[in-house]
Amino acid sequence: AIRKPQRVMARRSSRPATVATRSYLFNRSVRSTPYRIKRASAQTLHFENGWNVLDASGGAAVTGIGHLSTRVEQVMIKTLKRGIAYISSMMFDTDVAEDFARFLITTTDGKMTRAVFYSSGTEANEAAYKVALQYHATEKANPEPTRTLFIARDRSYHGTTLGALDMSGHKARRELYERVLPHNTHHISPCYAYRGLQTGESVAEYVTRLKNELEQKIQDLGPKNVAAFICEPVVGAALGCVPAEAGYLAAMREVCDRYGILLIFDEVMCGMGRTGYLHAWQKEGVAPDIQTVGKGLAGGFQQLSAMLVSPKVNDAFEYGPGSGAFSHGHTFQNYPLACAAGLEVQKIIQEENLLQNVKEKGFRLSKSLKKRLSNHRHVGDIRGAGLFWGIEFVKDKQTMEPFPADMKINWRIYEKGLAPPYEIHVYPGMGTADGVNGDHIILSPSYNITDTEIDAIVDRVARLIEDYF
Ligand code: PLP
């Protein structure tokens, strides 16, 4: 039997908290206090209450090399000892930021040419939004200031500030701010075969249908009014690890090129090795004009994101009629301490051949997950790439009807999983959006996970789901 809705977060209380228990953090819900973590070892979170929880998600797919690293620790101390934890990027440059930018650019097969570092995925996407506007309005040889509109996809998430949220197609996240959003973005269907592929339709036909939908939207808006199209090559928390179908990215690229529209790939969640490729777009070799990365960039050792631009975008700024200045900046842009940590994380990923491990362990994870859970009556779909797997839950397997959103299945499974006897941390995703897709959980362990740990993850997750329903 399906459990009745219970408390979503533990220890929720309507009583004013006493001084001893009161949190001074303006938490995501001020009526709940999240579990407190005392420390972490490589792949385990040690809670203050004594639970030792296997980390199968690294927050929201952030952790890449586990929670501890002497190398990263040392490089950060070295940077601190040089006194360059912070140097203003408005006036100065540092070798650490420059080295990390060069490293990133050299991994893109010449497709991207410059990078700038921020502190969050949202900031990177907000910058992408604005760089696209400025590119069209002032920097090109033939400026097109009418290009102010964006196209994004339904049930997407690109960030929390107003520009990034405007691009996001996630109704629940937009709802409260709908009145003040810029409304520059128009949304089309995501590439989500589980629910989008029609009976009898081939993947190629599905991709063509989605391509036509983009083209139709451009026509409706007026081709000269559209600045950019943004999508995630593998949709993360908004849908639950949904990779684009074969040929989809190339089809979108082709349409964007035909109409002079910039293509932005949001790889904040799926990038930096998560899919087994350093950049998710490398699987199909379709590069964007602007790319954003975040979560895994510094593996959680520092808060760090980046926006990468292609030669086409850079050249318009460098050689175009405009000022050459991107009219946008942050105090903590190109923050050296974070760049030092990020570069070391990426060197470890390279030197320890962890992308190969992502592919191998990802194969093991997906195979055993499917074996254990595919036939479960409430498991609708198991999909993903590399070490990035989503399990979508449905009320009815045949009709794919989701559970009601207010049941918050994702959060309940997440919370049950933390406690013994499971002690497993899965990511609850964003839940049923618009009542269309189902709730899901995400598994996104560190890239250096072992076979034994993968087997433990699958076993605990399978028991958790079997016991929950
Ligand atoms: N883009 C995607 C695809 C994301 O998954 C997220 C965060 O979940 C963001 C952007 C926003 O990143 P941040 O939370 O670091 O601002």
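For the protein, an unreviewed UniProt entry supplies the name Aminotransferase and the organism Macroventuria anomochaeta.

(A) Up close: the overall build of the protein. For the protein, the helix and strand inventory stands at 14 helices and 16 strands. A compact globule built from 469 residues would reach a C-alpha radius of gyration of about 23 Å, and the protein, at 22 Å, matches this within 12%. Expressed as lengths along the three principal axes of its C-alpha atoms, the size of the protein is roughly 65 × 60 × 50 Å. Buried residues in the protein amount to 48% of all 469 residues. Of the contacts formed within the protein by residues at least 6 apart in sequence, a portion of 71% connects residues at least 24 apart.

(B) Inspection of the site of the ligand at higher detail. In the vicinity of the ligand there are 16 residues, among which S120, G121, T122, V268 and M269 approach most closely. Tallying contributions element by element places helix 4 (residues 121-139) first for the shell around the ligand, with 3 residues. Partitioned by chemical class, the residues of the shell around the ligand number 5 nonpolar, 9 polar and 2 charged.

(C) Expanded view of the sheet that holds strand 14 (residues 388-393). Spatial strand order, 13-14-16: 3 strands in an open sheet with antiparallel pairing. Two strands close off the open sheet at either side, each with one partner strand: strand 13 (379-385) and strand 16 (440-443). Ignoring strand direction, the axes of neighbouring strands in this sheet form an average angle of 15°. Note: strand 14 against strand 16, 4 bridges, orientation antiparallel. When the sheet's bridge partners are listed, E392 is paired in strand 16 with H440. The sheet contacts of helix 12 (residues 354-373) involve strand 13, strand 14 and strand 16, and relative to strand 13 the element is tilted by about 175°.

(D) Here's a closer look at the confidence of the model for the protein. When pLDDT is averaged along the protein, the result is 95; 96% of the residues meet or exceed 70. Below a pLDDT of 50 lies the segment residues 3-20, which in the model reaches 17 contacts outside its immediate sequence neighbourhood of four places, other chains included. The complex model carries a pTM of 0.95, and its ipTM stands at 1.00.

(E) Broad picture of the pairing of strand 3 (residues 52-55). Of the pairings in the sheet, the one linking strand 2 (residues 44-47) to strand 3 comprises 3 bridges and is antiparallel in character. Paired with L45 across the two strands is V53, which belongs to strand 3. In this structure, the hairpin formed by strand 2 and strand 3 is closed by a connection of 4 residues, where G50 is found at a positive phi of approximately 100°. Across 2 bridges, strand 3 lies against strand 15 (residues 424-425) in parallel orientation. Each residue of the ladder has a partner; that of D55, found in strand 15, is H425.

(F) Layout of the sheet that holds strand 1 (residues 37-40). On the basis of which strands lie adjacent, the open sheet formed by 4 strands has the order 1-2-3-15 and mixed pairing. If you trace the sheet from one side to the other, it starts and ends with strand 1 and strand 15, each paired once.

(G) Local environment of the domain arrangement of the protein. Splitting the protein by domain gives domain 1 (37-65 + 354-468) and domain 2 (71-351). Put simply, the middle of domain 1 and the middle of domain 2, counted by C-alpha atoms, are 26 Å apart. In this complex, domain 1 contributes 35 residues to the contact, which on the side of domain 2 involves 31 residues. Across the side of domain 1 that touches domain 2, the residue classes tally to 17 nonpolar, 13 polar and 5 charged.

(H) Just the packing of helix 12 against helix 14 (residues 451-468), in detail. Here helix 12 crosses helix 14 at 25°, and the two axes come no closer than 10 Å. Judged by the angle between their axes, helix 12 and helix 14 are roughly parallel. Between helix 12 and helix 14 the crossing geometry is right-handed. Contacts between helix 12 and helix 14 involve K361, R364, L365, S368, L369, R372 and L373 from the first element and D451, I454, I457, V458, A462 and I465 from the second. Classifying every residue of the contact of helix 12 with helix 14 gives 8 nonpolar, 1 polar and 4 charged.

What counts as what
- Residues numbered from 1 in each chain as written.
- Predicted model: local features only at pLDDT ≥ 70, side-chain atom pairs only at ≥ 80, totals over all residues.
- Helix = DSSP H or I, 4+ residues; strand = E, 2+ residues; numbered from the N terminus.
- Rg over C-alpha atoms; globule rule 2.2 N^0.38 Å.
- Buried ≥ 20, exposed ≤ 12 C-beta atoms within 10 Å, placed from the backbone.
- Contact = placed C-beta atoms within 7 Å.
- Near = placed C-beta within 6 Å.
- Nonpolar A, V, L, I, M, F, W, Y, C, P; charged D, E, K, R; others polar.
- Pairing = 2+ DSSP bridges.
- Axes fitted to C-alpha atoms, helices over the stretch in contact; angles between N-to-C directions.
- pLDDT = per-residue confidence, 0-100.
- Domains from an automatic or database assignment.
- Parallel < 35°, antiparallel > 145°, perpendicular 65-115°, else oblique.
- Left-handed = near helix turned anticlockwise from the far one by under 90°.

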